Amino acid sequence: MAPDEFLNDIEAHFNKNLPFVVYRKPHETLVKSILQKDNTVYHVKDFTESGFVFSPFDSKKETIIFPSESSKISSTAFSFPLENDHNPSALKKDLLVDISEENHQRHLKLVQKGIDAIGENTFEKVVLSRVETLPVLENNPIDFFLSLLQNYATALVYLWYHPKIGLWLGATPETLLKVEGQRFKTMSLAGTRQFDGDENINWDSKNSNEQYLVTNYILQELSPFVEQCEASPVKTIRAGELLHLQSKISGVLKSDSIKDVIFALHPTPAVCGLPKKITKNFILENEGYNREFYTGFLGELNLKTSKSRNKNKRNVENNAYSSVKTTSELFVNLRCMQISKNDILIYVGGGVVKDSKPQKEWEETVAKSFTIKKVILK
């Protein structure tokens, strides 16, 4: 499908007030859309379903799915340059928005409360967040999506809408889980630094220790459900104007069901803390707002994909020998915003450990907010 026709389909679906998602995976040019044919809210029952899922931070709440059998699935190729290079200081100046001192002080107190709890050995790490409110602009959300596509080539970029739930869009660098057949991949992602033109940096003990804790915890949580599990060495990755620490984790599932693995991972230590149950309760009791789908997960569930065993595309006869596999690819919903009739809500957070400083944590959330502000405040 041609890009113009593809976008017109999405626009028409949106104008009809029908659910849809349009998205592009990291490092790809293919943009996909799943247009649900009715406005029913479908929920996942056991994760054997097929479609596109959207799940909230609170894992006790239901996961929404746009089912494959009730949707039109299309795709097109968009060609954009890789992530734009920006002068970070100029970016901050251009995107500076008045943030109330009340909001600032509230977050400082929240972070200090987390640090105090760590000092009392309540938990090792907790991820604390806040929401920033901006006025709704006249721009079409599809324009925001296209801008995210152009600026964040290494992230999952998406626009998700359901008339009974809301409109969300974002650009997230973190994979929750990828499964192809019985093989799986995930990652641990922690630590944040502002990108200043050089990705070869020395990380401080706060960020390095945070990454170590996250990786070890994921390996422990996965062990009952997987085998041949291993983690790659830590490396620095870039996501827009930010740098993070990442380790890739891979192995083999012990069963055909991925539900246990999903909820062994979700919510991850990178968005919740360690140990998960205690820090999740701390977040729900102390953050003072509902994260909803921020730090939840989203993506393809049990979609059929065909792979040719023949690398020579011109050899049509051998192309018949292809394999069809069931694949799932889920991402953690970071760097996102929700658009309502009256406000744009931008969600940002950061990991708090024993060496954290409240003001530094505040500044990290401000830096992370630029991911979204860059495309809406022009």
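Residues numbered from 1 in each chain as written. Predicted model: local features only at pLDDT ≥ 70, side-chain atom pairs only at ≥ 80, totals over all residues. Heavy atoms only, no water.

**Observations concerning the overall build of the protein**
Scanning the protein for helices and strands turns up 9 helices and 18 strands. The C-alpha radius of gyration computed for the protein amounts to 21 Å, which stays within 12% of the reference 21 Å derived for 378 residues, consistent with globular compactness. Along the first, second and third principal axes, the C-alpha atoms of the protein reach 65 × 50 × 40 Å. Counting across all 378 residues of the protein, residues that qualify as buried make up 54%. Long-range pairs, those at least 24 residues apart, make up 73% of the contacts in the protein between residues at least 6 apart in sequence. (Helix = DSSP H or I, 4+ residues; strand = E, 2+ residues; numbered from the N terminus. Rg over C-alpha atoms; globule rule 2.2 N^0.38 Å. Buried < 20%, exposed > 50% of the residue type's maximum accessible area, 1.4 Å probe, protein only. Contact = heavy atoms within 4.5 Å.)

**As for the sheet that holds strand E2 (residues 30-36)**
Two modes of strand pairing occur in sheets, parallel and antiparallel, and in both the strands are linked by backbone hydrogen bonds. Across the sheet, which stays open at both edges, the 9 strands sit in the order E5-E2-E1-E7-E8-E17-E18-E6-E14 with antiparallel pairing between neighbours. Each of the sheet's edge strands pairs with one partner strand only, and the pair in question is strand E5 (71-77) and strand E14 (273-274). Where strand E1 (residues 20-24) and strand E7 (residues 156-162) come together, 5 bridges link them in antiparallel fashion. In the strand pairing of E7, Val-21 is matched with Trp-160. Here helix H1 (residues 3-15) sits on the sheet and contacts E1, E2, E5, E7 and strand E8 (166-172); the angle it forms with E2, its principal contact strand, is near 30°. In the packing of helix H7 (residues 276-286) onto the sheet, the strands contacted are strand E6 (125-135) and E14, and the crossing angle to E6 comes to about 35°. (Pairing = 2+ DSSP bridges. Axes fitted to C-alpha atoms, helices over the stretch in contact; angles between N-to-C directions.)

**Digging into unusual backbone geometry**
Looking along the chain, the bond that leaves His-266 and enters Pro-267 is cis, with omega of -10°. Residues Leu-274 and Pro-275 are joined by a peptide bond in cis, for which omega reads -10°. For Pro-275, the position within the fold is in the loop between E14 and H7. The phi torsion at Asn-17 lies on the positive side, around 65°, for a residue other than glycine. With respect to the secondary-structure elements, Asn-17 resides in the loop between H1 and E1. Its relative accessible area of 41% is what places Asn-17 among the partly exposed residues.

**With respect to the confidence of the model for the protein**
Of the residues in the protein, 90% have a pLDDT of 70 or more, and the chain-wide mean is 88. Under a pLDDT of 50 for its full length, residues 82-96 has, in the predicted model, 30 contacts with residues more than four places off or in other chains. (pLDDT = per-residue confidence, 0-100.)

**Remarks on the environment of Asn-39**
Inspection of the secondary structure assignment puts Asn-39 in the loop between E2 and strand E3 (51-55). Sequence separation of Asn-39 and Phe-6 is 33 residues, and the distance between their C-alpha atoms is 21 Å. Excluding residues within four positions of it along the chain, Asn-39 makes contact with Leu-18, Pro-19, His-162, Pro-163 and Lys-164.

**What to know about empty space enclosed by the protein**
This structure, assessed with the given rule, holds 2 cavities of 30 Å³ or more. Residue lining of the largest cavity: 23 residues in total, with Thr-192, Ala-270, Leu-334, Arg-335 and Lys-368 positioned closest to the centre. Contributions of two or more residues to the lining of the largest cavity are made by strand E10 (183-194), helix H5 (205-222), strand E18 (343-352) and helix H9 (358-376). No other element matches E18, which puts 5 residues into the lining of the largest cavity. Looking at the lining of the largest cavity residue by residue, the class counts come to 9 nonpolar, 8 polar and 6 charged. Of the voids in this model, the second largest cavity is the one considered here, and its volume is about 40 Å³. (1 Å grid on protein atoms, 1.4 Å probe; cavity = no way out; pocket = protein on both sides within 12 Å on 5 of 7 lines; lining within 4 Å. Points joined across faces, edges and corners; volume = space filled by probe spheres on them. Nonpolar A, V, L, I, M, F, W, Y, C, P; charged D, E, K, R; others polar.)

**Section: the layout of surface pockets**
The probe, sized like a water molecule, is rolled over the atoms to show the empty space still left. Here the second largest pocket is characterised by a volume of approximately 370 Å³. Surrounding the second largest pocket, 16 residues form its lining, Thr-192, Arg-193, Lys-360, Glu-363 and Glu-364 being those nearest its centre. Of all elements in the fold, only E10, H5 and H9 reach the threshold of two or more residues within the lining of the second largest pocket. Broken down by element, the residue count for the lining of the second largest pocket peaks at 5 residues, all from H9. Classifying every residue of the lining of the second largest pocket gives 2 nonpolar, 4 polar and 10 charged.

**A short note on H7**
Within H7 the residues assigned to the buried category are Lys-276, Thr-279, Lys-280, Phe-282 and Ile-283. One face of H7 carries all of its buried residues, which in axial projection span an arc of 160°. What points out from H7, more than 90 degrees from its buried face, is the exposed set Lys-277 and Glu-285. Against the buried residues of H7 lie helix H3 (101-119), E6, H5, helix H6 (259-265) and E14. At the exit of H7 stands Gly-288, carrying a positive phi of roughly 85°. (Arc of directions from axis to C-beta.)

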